[in-house]
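Fold and contact review
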Amino acid sequence: MMEVWNESHLADLLRERLGDAQLVVVSNREPYVHSLEEGQVRCLRPASGLVTALDPVLEAAGGLWVAHGGGAADRKVVDAEGKLAVPPEAPRYTLKRVWLTEEEEAGYYDGLANEALWPLCHIAYVRPIFREADWRHYTQVNRLFARAVLEELDGEACIWLQDYHLGLLPRLLKEARPEARIGHFWHIPWPTPEVFGLAPWRRELLEGLLGADVLGFHIRCHCDNFLDTVARELEARVDRETSTIVYRGHATRVRPFPIGVDFERITRDAEGPAVREEMERLRNRYGLHHELIGLGLDRIDYTKGIAERLAAVERFLQMFPEYRKRIVFCQAGVPSRTRIGRYRALGVRIERMAREINRRHGTPEWQPVCLIREHLSPVQILALYRMAHCLVVSSLHDGMNLVAKEYVAARSDLGGTLLLSRFAGAARELQEALQINPYDVEGMARRLRDALEMPPGERRLRMERLRLTVREQNIYRWAGTMLDALLRLPRKELVG
Ligand code: F6P
């Protein structure tokens, strides 16, 4: 059995290895957003796998988190340097907010990150859009982030950068502070060299990322794609045996670190009275008193296969009419990136599909699809997990998918079945899930029936095994192994 990492294990490791060095985490998305509602400042947790994963790490280790301040009331609660202590109710670390103009945000975040890099890295048959103005904003915003970090450095530092929004930051920081330890974790898939070759700024992006001392992806296949891409695009030494790239004298180790969740915390919270009460509230509010509840829960994003999932639910009702009036499929979709036309169009499409399915199959007392469109609190999410007889994760392509892991962590009652897309990184680890192919609607419908008809003994056994994996591959292991890889590097290897 693998050793199970926990919060204090990670905190001890960092105390021992960091010594006097500062820990700095940098991401686009911030862990706490202050919004304005009816003149009142409200603090929200954004729907983001990255935030769910990193907040417990910073809580355990302390340090500084630098992120874009995107909330309407974000400026109201910070000091003159844009900082505040978080979590607001019991501070454990510092959040420093970086301010962007609307134009910068539109070019760097909506444009380059989400209209170019996101579709480029996910196989979802959506074409990336490349605009020079977006690239200029991306470059400029990466520089702004670099400045915000450099202002804070005072002595040795271990800087952990996150995701595809900040692809140029490793190089910018390495050039300014060669002796700083720089890790970068890319939270989404890395495509094949042919696909990455579509990007006009591929060389700049690769050179940017190769400023990192350690570069992490969720799974081996994404690391291999990255090595292949560099071999194709740059004159670099690519050593596949050690998964290391040497470019202009500086070495970048490319490693898989499968991200996880805070298993113990989710298990504990899901068993609490607040979740039980919330289950009752949700049942009453959405009329969920049926024998069986199916669940889908995602940001509304075309990579998540939500339309494919609803099509499978409809097909299921046609193929297995004995389930009519017995099941309700809840689709909780958190609006995401709504300034982008494709995302808005998907929201409209999903609503239309749900309405149509309900019109075609529903009766006055039974509507097969229940769309939940409100922002869900952590307690509400756990309540939905506990209510659901099955969770369907049907991503067309996904780096990992933490919803699948959260569901498993929430089911200490060993109830519930996970249907998981074979195109999500999580499918490599979660072998006891029922695998689905979101491109095969009828196959998905049949898998849904298999999930509902699974003998209770088998359901428990599968969930028990899934829980062992999610418990071991938890968020503290993810952070601990990546930071350990970075902190173990001999000083002389940092400076290329
Ligand atoms: O899971 C990939 C990811 O890009 C995270 O890094 C990010 O936080 C999440 O999706 C949500 O996206 P956004 O920050 O654009 O709302």
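As the structure is a computational prediction, the values presented were derived from the model and not from experiment.

Observations concerning the packing of helix H11 (residues 306–319) against helix H15 (residues 441–453)
Two elements in contact, H11 and H15, have axes whose closest approach is 8 Å; the angle formed by their N-to-C orientations is 65°. On the basis of the axis angle, H11 is roughly perpendicular to H15. Crossing geometry of H11 relative to H15 is assigned as right-handed. On H15, the residues touching Glu-308, Arg-309, Ala-311, Ala-312, Arg-315, Phe-316 and Met-319 of H11 are Val-441, Glu-442, Met-444, Ala-445, Arg-446, Leu-448, Arg-449 and Leu-452. Of the residues belonging to the contact of H11 with H15, the class tally is nine nonpolar, no polar and six charged.

Considerations on the site of the ligand
Around the ligand, the structure places Arg-29, Ser-48, Leu-50, Tyr-109, Trp-118, Asp-163, Tyr-164, His-187, Ile-188, Arg-299 and Arg-337. Between the ligand and Tyr-109 there is a distance of 2.5 Å, counted from an oxygen atom to a side-chain nitrogen or oxygen. In the environment of the ligand, an oxygen atom lies 2.9 Å from a nitrogen or oxygen atom belonging to the side chain of Arg-337. Within the complex, 90% of the 380 Å² of free accessible area of the ligand lies under protein. In the shell around the ligand, the residues fall into five nonpolar, two polar and four charged.

Topic: the sheet that holds strand S14 (residues 327–334)
In space, the six strands of this open sheet follow the order S15-S14-S13-S16-S17-S18, with parallel pairing throughout. Looking at the sheet topology across the chains shown, the edges are occupied by strand S15 (369–372) and strand S18 (434–436). Taken over all neighbouring pairs, the strand axes of this sheet differ in orientation by 20° on average, direction set aside. With respect to the sheet, H11 is in contact with strand S13 (292–299), S14, S15 and strand S16 (390–393), its orientation differing from that of S14 by roughly 175°.

Some points on the nonpolar core
Within the largest apolar cluster, 175 residues are counted, with the highest numbers of intra-cluster contacts made by Val-26, Ile-159, Trp-160, Phe-226, Leu-418, Leu-420 and Trp-478. Among the elements that make up this core, the one with the highest residue count is helix H3 (residues 102–121) (nine residues). Here this core spans two domains, since at least three of its residues come from each of domain 1 (7–260 + 476–493) and domain 2 (263–472). With residues up to four places along the chain from it excluded, the contact list for Phe-226 reads Trp-190, Leu-206, Leu-209, Leu-210, Leu-215, Phe-217, Ile-245 and Val-254.

Considerations on the pattern of salt bridges
Counted under the stated rule, the structure contains 49 salt bridges. Arg-131 is the partner of Glu-115 in a salt bridge, and the nearest nitrogen-oxygen pair spans 3.0 Å. With Glu-115 in helix H3 and Arg-131 in the loop between H3 and helix H4 (132–150), this residue pair connects regions lying 16 residues apart in the sequence. Relative accessible area serves as the criterion here: at 12%, Glu-115 is assigned to the buried category. Between Arg-285 and Glu-374 there is a salt bridge; the shortest N-O distance is 3.2 Å. You can see Arg-285 sitting in helix H10 (residues 273–286) and its partner Glu-374 sitting in the loop between S15 and helix H13 (378–387), a full 89 residues away along the chain. Under the relative-accessibility criterion, Arg-285 is labelled exposed at 56%. Among the charged side chains, a network of salt bridges with common partners joins Glu-7, Glu-59, Arg-92, Asp-262 and Arg-265.

The rules behind the values
Residues numbered from 1 in each chain as written. Predicted model: local features only at pLDDT ≥ 70, side-chain atom pairs only at ≥ 80, totals over all residues. Heavy atoms only, no water. Axes fitted to C-alpha atoms, helices over the stretch in contact; angles between N-to-C directions. Helix = DSSP H or I, 4+ residues; strand = E, 2+ residues; numbered from the N terminus. Parallel < 35°, antiparallel > 145°, perpendicular 65-115°, else oblique. Left-handed = near helix turned anticlockwise from the far one by under 90°. Contact = heavy atoms within 4.5 Å. Nonpolar A, V, L, I, M, F, W, Y, C, P; charged D, E, K, R; others polar. Near = heavy atom within 4 Å. Polar contact = N/O pair within 3.5 Å; in protein donor to acceptor, adjacent residues only side chain to side chain. Areas by Shrake-Rupley, 256 points an atom, 1.4 Å probe, with all protein chains shown as cover. Pairing = 2+ DSSP bridges. Core = buried A, V, L, I, M, F, W, Y, C linked by side-chain atoms within 4.5 Å. Buried < 20%, exposed > 50% of the residue type's maximum accessible area, 1.4 Å probe, protein only. Domains from an automatic or database assignment. Salt bridge = Lys/Arg side-chain N within 4 Å of Asp/Glu carboxyl O.

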